[in-house]
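# Survey of secondary and tertiary structure
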Amino acid sequence: MSLYLFLKTLHILSSTLLFGTGLGSAYYALRAWRSGQVQVIATTFRHLVTADWLFIATTAVFQPLSGLGLAKVAGWPLNQFWLLCSLGLFVFAGLCWLPVLWLQVRVRDMAETALREGTPIAPRAQRYMKVWFVLGWPAFVAFVAIFFLMVAKPL
């Protein structure tokens, strides 16, 4: 297998892992939150934060590195429209994800505190989840656009 095909395979696999973990995390976080059950929220968010660090953070670092490696091996100039847009959208999505991660950690901590103390989850968690939900949409749209740009490579 050529270096290009090897890098391309890893790039596609890691993008699938990044996007799929993000979608799965969003789904399970929303379902847990809507259950209203502190135990479910605490357990789910504990796993979400771990999954974000294990899968999203690592693939978020690998994606631009493998993409730039692909561009170098393929001989593509880095100033191509589709590549610059993809990188810009990737940075934008990352800027949405960083506060989302922080919010998930806070909600996890509030749920674990409420569970330990036998109290309802702090009202602040509701505001955090609203912001979490709002930040997820532009990141999702950015990744869909990145997938299009990677496939179409418009000039």
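Coordinates for the structure precede this section.
Rules behind the numbers
- Residues numbered from 1 in each chain as written.
- Predicted model: local features only at pLDDT ≥ 70, side-chain atom pairs only at ≥ 80, totals over all residues.
- Heavy atoms only, no water.
- Helix = DSSP H or I, 4+ residues; strand = E, 2+ residues; numbered from the N terminus.
- Core = buried A, V, L, I, M, F, W, Y, C linked by side-chain atoms within 4.5 Å.
- Buried < 20%, exposed > 50% of the residue type's maximum accessible area, 1.4 Å probe, protein only.
- Contact = heavy atoms within 4.5 Å.
- Phe/Tyr/Trp six-rings, centres within 6.5 Å; stacked < 30°, edge-to-face > 60°.
- Lys NZ or Arg CZ within 6 Å of the ring centre and 35° of its normal.

This paragraph deals with unusual backbone geometry. Residue Lys-153 is not a glycine yet carries a positive backbone phi of 45 degrees. With respect to the element layout, Lys-153 can be found in the segment after helix H4 (124–152).

Before going further, it helps to spend a moment on the nonpolar core. With 31 residues, the main nonpolar core has Trp-33, Ile-41, Phe-45, Val-107 and Ile-121 as its most contacted residues. At the level of elements, helix H1 (3–35), helix H2 (38–74), helix H3 (81–117) and H4 are the ones that each hand at least two residues to this core. Sort the elements by how many residues they give to this core and H3 lands first, with 11 residues. In contact with Ile-41, not counting residues within four places along its chain, are Ala-32, Trp-33, Gly-36, Val-107, Ala-111 and Ile-121.

Attention now goes to the packing of aromatic side chains. Evaluation of the coordinates by the stated rule reveals 10 aromatic pairs. Both rings, one in Tyr-4 and one in Trp-76, keep their centres 6.3 Å apart while their planes meet at 90 degrees; by these two values the pair is edge-to-face. Highlighted residues: Tyr-4 in helix H1 and Trp-76 in the loop between H2 and H3, separated in sequence by 72 residues. A centroid spacing of 5.8 Å and a plane angle of 25 degrees characterise the contact between Phe-19 and Phe-140, whose relative ring orientation is stacked. Here Phe-19, found in helix H1, pairs with Phe-140, found in helix H4; they are 121 residues apart in sequence, far enough to count as distant. What makes Phe-140 partly exposed here is its relative accessible area of 31%. Three or more aromatic residues link up through ring pairs in this structure, and these residues are Phe-19, Phe-90, Phe-133, Trp-137, Phe-140, Phe-143 and Phe-147. Over the face of the ring belonging to Trp-82 we find Lys-153, whose NZ or CZ atom lies 5.1 Å from the ring centre.

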